[in-house]
Amino acid sequence: MSKLPRVSGRDCVKALQRIGFVVKRQEGSHIIVRRENPFRQVVVPDHRELDRGTLRAIIRHAGLEVDEFIRLLG
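Here the structure is a predicted model, which is why all the values come from computation and not from measurement. Positions within a chain are numbered from 1, following the residues in the order the chain's sequence is written. Residues qualify for local features only when their pLDDT is at least 70, as the model is predicted, and side-chain atom pairs are given and counted only at 80 or more; totals for whole chains, interfaces and linings, by contrast, use all residues. Side-chain calculation: all heavy atoms of the structure are included, whereas hydrogens and water are not.

### Some details on the environment of Val 22
Worth spelling out the cut-off: The way it works is that DSSP assigns letters per residue, a run of H or I at least four long becomes a helix, a run of E at least two long becomes a strand, and they are numbered from the N terminus. Here a residue-residue contact requires only that any non-hydrogen atoms of the pair lie within 4.5 Å.
Tracing the chain through its elements places Val 22 in strand β1 (residues 22–27). Not counting residues up to four positions away in its chain, the partners in contact with Val 22 are Ile 32, Val 33 and Arg 34.

This is the structure in structure tokens:
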């Protein structure tokens, strides 16, 4: 398992958009992204730096592995 990188909420959203997620709305400091097929909805905090536990939960809810997510960042 790879070590989780330090990323911002916006960078996380950009990575998720590369695999078909679209921004549905933003409520305060939370960005809600959704993918229709297969259906997944993920809430990403719009923070300067995401906590590692929060990032790990986002990756899991998106149906990804850590290594897949790291490739999407590049």
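### Some remarks on the packing of helix α1 (residues 9–17) against helix α3 (residues 66–73)
Stated formally: A fitted line through C-alpha atoms serves as each axis, taken over the contacting stretch for helices, and the angle formed by two N-to-C directions is quoted from 0 to 180°. An angle below 35 degrees is treated as roughly parallel, one above 145 as roughly antiparallel, one from 65 to 115 as roughly perpendicular, and anything else as oblique. Side-chain classes follow a simple rule in which Ala, Val, Leu, Ile, Met, Phe, Trp, Tyr, Cys and Pro form the nonpolar group, Asp, Glu, Lys and Arg form the charged group, and the remainder, Gly included, forms the polar group.
Relative to each other, α1 and α3 sit at 100°, their axes nearing to 9 Å. Taken together, the axes of α1 and α3 lie roughly perpendicular to each other. When α1 is examined against α3, the residues Asp 11, Cys 12 and Ala 15 are found in contact with a partner set consisting of Phe 69, Leu 72 and Leu 73. When grouped by side-chain class, the residues that make up the contact of α1 with α3 number 5 nonpolar, no polar and 1 charged.

Don't take any of this as a statement about function, it's just geometry.
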